[in-house]
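Close look at the chain arrangement
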Amino acid sequence: MKGKVIASVKNFSEVSKVLRVVDGVEFRIDLFRKLPEPKRVRIEKISIVTIRKPEDGGKFIGREEERMKLLENYSKFCDYVDLEYYLADEVFEKMSCKVIESYHNFNETPDYDFLKGIVENRRGDIVKIATVGKSKKDVERIVKLLCDYENVVAFLMGEEFSFTRVFSLFLGSPFIYCGVGEGVAPGQYDVFKAVKILKELGYR
């Protein structure tokens, strides 16, 4: 099964702009100016809800209990919620939809054994690994993860390593995350550019 193109959005006007070209939408609730009604994240395509804290690359600054309650409420109307790998088992169990279990590292790419441990101890339906790339060794670790395991989204952040987002699809990644105009993460492709690249490569 081919991986899906997901647009990370900051408002509903972006949803309208990209819906015809994408397979799904990641609602970055932490980047919305106002919290949307939970039922508004129910769309005809794949719907992912993410509420990221500053230490994980987001802008949600409320209490953790509030964030968990929001995720629980949104989970009743979307296909996936994104939960950080360090959260307790009970958080995963409270969700009413599938879970993307995510690990972000904005400083480096840890060694393969560490990353493998996250994947093998997963609680989520999909594991997402996003780390900063610095060398070919980092690329090798990501490639090995994608080749050794199923249902893993893995890529390197940073402009120099944007290509890993695209090739991850060819190695079995279920999703590629794209931006609308300016990306919400380092090295993230604009969704229209990503779709064009994938078509040129014969992927779509």
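Structure shown above.
Predicted model, so just to flag it, every value in this text is computed and none were measured.

From N to C terminus, the protein chain includes 7 helices and 8 strands. Its C-alpha atoms give the protein chain a radius of gyration of 16 Å, within 12% of the compact-globule value 17 Å for 204 residues. Oriented by its inertia axes, the alpha-carbon framework of the protein chain measures out at about 40 × 35 × 30 Å. The buried share among the 204 residues of the protein chain stands at 54%. Taking the contacts inside the protein chain whose residues are at least 6 apart along the sequence as the reference set, 54% of them involve residues at least 24 apart. A total accessible area of about 10000 Å² is found for the protein chain, and carbon and sulfur atoms account for 49% of it.

Quick look at unusual backbone geometry now. Here the phi dihedral of Asn151 falls at roughly 55°; this positive angle occurs in a residue that is not glycine. Of the residues examined, Asn151 reaches a relative accessible area of 40% and is grouped as partly exposed.

Right, let's talk about a nonpolar patch on the surface for a bit. On the surface, a cluster of nonpolar side chains totalling about 270 Å² of accessible area is made up of Tyr85, Tyr86 and Phe114. Following the sequence through the fold, Phe114 ends up in helix α4 (residues 112-120).

Attention now moves to the packing of aromatic side chains. Inspection of the entire model under this criterion finds 11 aromatic pairs. Three or more aromatic residues joined by ring pairs make a cluster, and in this case those are Tyr85, Tyr86, Tyr103 and Phe114. Geometry around Tyr203 places Lys2 over its ring, the cationic atom sitting 4.9 Å from the centre. Geometry around Tyr177 places Lys128 over its ring, the cationic atom sitting 4.1 Å from the centre.

Let us now look at α4. Residues of α4 that are buried: Tyr112, Leu115, Ile118 and Val119. Buried residues in α4, looked at end-on, bunch into an arc of 125°, giving them a common side.

What follows concerns the pattern of salt bridges. Enumeration over the complete set of coordinates arrives at 14 salt bridges. A salt bridge links Glu84 to Arg67, with the shortest nitrogen-to-oxygen separation between them at 3.0 Å. Linking Glu84 in strand β4 (residues 80-84) with Arg67 in helix α2 (residues 64-74), this pair joins segments that are 17 residues apart in sequence. The same class applies to Glu84 and to Arg67, which are both buried. Its salt-bridge partner being Lys144, residue Asp148 comes within 3.1 Å of it at the nearest N-O pair. With a gap of 4 residues between them, Asp148 and Lys144 both fall in helix α5 (residues 136-148), about one helical turn apart. Each of the salt bridges in this network shares a partner with another, and the network as a whole consists of Arg52, Lys53, Glu55, Glu64, Arg67, Asp82 and Glu84.

Take the nonpolar core next. Counting 42 residues, the largest nonpolar core has Phe27, Val49, Val81 and Leu83 as its most contacted members. When neighbours within four sequence positions are excluded, Val49 is seen to be in contact with Phe27, Ile29, Val41, Leu71, Tyr74, Cys78, Tyr80, Val81 and Asp82. In this structure, Val119, Leu146, Ala154 and Phe161 belong to the second largest nonpolar core, which totals 17 residues.

The next thing to look at is the pairing of strand β2 (residues 24-28). Buried residues dominate β2, accounting for 5 of its 5 residues. Burial along β2 is two-sided: Gly24, Glu26 and Arg28 and Val25 and Phe27, pointing in opposite directions, are all buried. Of the strand pairs in this sheet, strand β1 (residues 4-9) and β2 are connected by 4 bridges, and their pairing is parallel. When the bridges of β2 are listed, Ala7 appears paired with Val25. The parallel pair β1 and β2, bridged by helix α1 (residues 12-18), forms a crossover whose chirality is right-handed.

Thresholds, definitions, all that
- Residues numbered from 1 in each chain as written.
- Predicted model: local features only at pLDDT ≥ 70, side-chain atom pairs only at ≥ 80, totals over all residues.
- Heavy atoms only, no water.
- Helix = DSSP H or I, 4+ residues; strand = E, 2+ residues; numbered from the N terminus.
- Rg over C-alpha atoms; globule rule 2.2 N^0.38 Å.
- Buried < 20%, exposed > 50% of the residue type's maximum accessible area, 1.4 Å probe, protein only.
- Contact = heavy atoms within 4.5 Å.
- Areas by Shrake-Rupley, 256 points an atom, 1.4 Å probe, with all protein chains shown as cover.
- Patch = residues over 30% accessible without salt bridge, like charges linked within 9 Å, V, L, I, M, F, W, Y side chains within 5 Å.
- Salt bridge = Lys/Arg side-chain N within 4 Å of Asp/Glu carboxyl O.
- Phe/Tyr/Trp six-rings, centres within 6.5 Å; stacked < 30°, edge-to-face > 60°.
- Lys NZ or Arg CZ within 6 Å of the ring centre and 35° of its normal.
- Arc of directions from axis to C-beta.
- Core = buried A, V, L, I, M, F, W, Y, C linked by side-chain atoms within 4.5 Å.
- Pairing = 2+ DSSP bridges.
- Right-handed = clockwise from strand over helix to strand, strands pointing away.

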